[in-house]
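# Coordinate inspection notes
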Amino acid sequence: MTNTLFVVGTPIGNLGDLAPRAKECLGAVDMIVAEDTRVIGRLCHLVGITPRALRGYQGRHRITEPELLSALEIGDVALVSDAGMPGVSDPGAVFIALALEHGMQVRVIPGPSVLAAAIALWPKVISTACFFGFLPRRGAERSQMVEQVMCSPSVGVILESPKRLYETCVELATIDGSRQVLLLGELTKLHESIHWLTLSAAVTWLRGTEPRGEWAIVIDGARAVGPTEAESDRLLLALARSTLGTKEAAAIYAEVVEVSARDAYQQMLSSRSERT
């Protein structure tokens with residue numbers, strides 16, 4: 001290791017999830033730059049690490065950009081957040097950008113992540129997923145983000161505090177209460193909680209409970225809305241009038257309207273026969 005910024009993942013709950021490589025790195029670097037030095041100080045103490053230097057990147061005594069660059073010119077620095085991966089709904093991205101902009105080496109030591117855990121627990125095959133992180137707390141920006149979550153065809157992942165979990169589920173359920181969600185609380189911790197239900201059922205359940213700790217909401221993507229009957233009739237007529245072969249036109253109609261290939265072919269034949 002030499003003059004490198006290491007982006008290091010730390011446990012999101014269970015200390016046993018700290019990777020051996022992460023532990024080795026934290027014990028070897030010249031400086032650890034942490035979201036909260038108290039949190040990482042306790043982690044280091046519990047796993048038997050004595051940091052050579054520990055600085056925070058928040059608060060009154062936060063490390064400055066020139067100080068970080070100076071530290072990297074002298075030796076190696078590890079960048080960590082309180083839990084999980086720096087930059088994934090956690091501060092730290094500004095320091096990664098700084099190191100890259102100044103031509104410093106940047107390496108990642110992957111570790112626990114709520115995002116990865118949430119997607120791994122989703123009980124369906126995922127082709128695409130969208131990470132929304134923490135939603136804005138109020139106003140038009142929040143409303144727009146909620147609508148974006150519910151309109152996205154991808155599986156969405158939201159992070160939420162226990163105080164706002166119920167409110168967020170109510171807002172989502174107002175748009176489509178039948179949508180399937182996975183509510184994940186206190187992942188990897190003693191009181192880990194996993195619930196697979198609809199948004200409406202989630203609102204009912206949350207109304208009678210007091211959630212604790214940080215939560216993730218994994219929500220199914222929006223279902224595609226098929227054409228109306230009038231739109232289907234117009235499409236059938238347009239394809240029947242086209243120069244496409246009957247089989248090819250029927251295949252297009254079947255895919256768009258979501259009917260069987262046999263039914264689409266018969267409808268196309270009928271439509272074309274009426275025109276002759």
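Here goes a summary of the coordinates provided. (Residues numbered from 1 in each chain as written. Predicted model: local features only at pLDDT ≥ 70, side-chain atom pairs only at ≥ 80, totals over all residues. Heavy atoms only, no water.)

Size it by volume and the largest pocket reaches roughly 610 Å³. Lining the largest pocket are 30 residues, with Pro11, Ile12, Asp82, Ala83 and Gly84 positioned closest to its centre. Sorting the residues of the lining of the largest pocket by element identifies helix H2 (37–46), helix H5 (114–121) and strand E10 (215–219) as the ones contributing at least two each. Broken down by element, the residue count for the lining of the largest pocket peaks at five residues, all from H2. Here the lining of the largest pocket is built from residues that sort into 18 nonpolar, five polar and seven charged. (1 Å grid on protein atoms, 1.4 Å probe; cavity = no way out; pocket = protein on both sides within 12 Å on 5 of 7 lines; lining within 4 Å. Points joined across faces, edges and corners; volume = space filled by probe spheres on them. Helix = DSSP H or I, 4+ residues; strand = E, 2+ residues; numbered from the N terminus. Nonpolar A, V, L, I, M, F, W, Y, C, P; charged D, E, K, R; others polar.)

Glancing now at the nonpolar core. Generally speaking, a soluble globular protein has its nonpolar side chains buried in company with each other. The biggest cluster of nonpolar side chains holds 20 residues, and the ones touching the most others in it are Leu172, Val181 and Leu183. When contributions to this core are tallied by element, the ones reaching two or more residues are helix H6 (139–151), helix H7 (165–176), strand E8 (180–185), helix H8 (199–207) and E10. Those residues in contact with Leu172 that lie beyond four places of it in its chain are Val146, Val149, Met150, Ile158, Leu199 and Ile219. If you look at the next biggest cluster of nonpolar residues, it comprises 18 residues, including Val33, Leu69, Leu79 and Met85. (Core = buried A, V, L, I, M, F, W, Y, C linked by side-chain atoms within 4.5 Å. Buried < 20%, exposed > 50% of the residue type's maximum accessible area, 1.4 Å probe, protein only. Contact = heavy atoms within 4.5 Å.)

The buried count for strand E7 (residues 155–160) comes to six of six residues, which makes it a mostly enclosed element. By the alternation rule, side chains of E7 split into Val155, Val157 and Leu159 and Gly156, Ile158 and Glu160, which are all buried. Relative to E7, strand E6 (residues 129–134) is paired through five bridges, and the arrangement is parallel. Across the sheet, Gly133 pairs through a bridge with Ile158, a residue of E7. This β-α-β element, E6 to H6 to E7, shows right-handed connectivity. Relative to E10, E7 runs antiparallel, the two being bridged by five bridges. Its bridge partner lying in E10, Gly156 is registered against Ile219. (Pairing = 2+ DSSP bridges. Right-handed = clockwise from strand over helix to strand, strands pointing away.)

Glancing now at the pattern of salt bridges. Overall, the coordinates contain nine salt bridges when judged by the stated rule. With a shortest N-O distance of 3.1 Å, Glu67 and Arg55 are connected by a salt bridge. With a gap of 12 residues between them, Glu67 in helix H3 (residues 65–74) and Arg55 in strand E3 (residues 54–56) connect regions that are remote in the sequence. Classification of Glu67 as partly exposed rests on a relative accessible area of 35%. A salt bridge links Glu160 to Arg164, with the shortest nitrogen-to-oxygen separation between them at 3.3 Å. Overlapping salt bridges bring together Arg142, Glu167 and Glu171 as one network. (Salt bridge = Lys/Arg side-chain N within 4 Å of Asp/Glu carboxyl O.)

To continue, consider the side chain of Asp220. Of note, Asp220 is situated in the loop between E10 and helix H9 (229–241). Judged by relative accessible area, which is 17%, Asp220 ranks as buried. The contacts of Asp220, once residues within four sequence positions are left out, are Trp122, Lys124, Ser154, Val155, Arg179 and Gln180.

This part takes up the packing of H6 against H7. As a packed pair, H6 and H7 sit with axes 10 Å apart at the nearest point and diverge in direction by 55°. The orientation of H6 with respect to H7, classified from their angle, is oblique. In this structure, the crossing between H6 and H7 has a hand that is right-handed. Contacts between H6 and H7 pair Arg142, Val146, Glu147, Val149 and Met150 from the former with Glu167, Thr168, Glu171, Leu172, Ile175 and Asp176 from the latter. (Axes fitted to C-alpha atoms, helices over the stretch in contact; angles between N-to-C directions. Parallel < 35°, antiparallel > 145°, perpendicular 65-115°, else oblique. Left-handed = near helix turned anticlockwise from the far one by under 90°.)

Turning to the sheet that holds E7, a few remarks are in order. One open sheet holds the five strands; their spatial order is E6-E7-E10-E8-E9, and the pairing between them is mixed. With partners counted over all chains shown, the strands left at the sheet margins are E6 and strand E9 (193–198), one partner each. Taken pair by pair, the neighbouring strands of this sheet meet at an average axis angle of 15°, ignoring direction. Here E8 pairs with E9 via six bridges, running antiparallel. Across the sheet, residue Gly185 finds its bridge partner in E9, namely Ser193. Where H6 meets the sheet, its contacts fall on E6, E7 and E10, and the angle it forms with E6 comes to roughly 155°. Of the strands in this sheet, E7, E8 and E10 touch H7, which is tilted by about 10° from E10.

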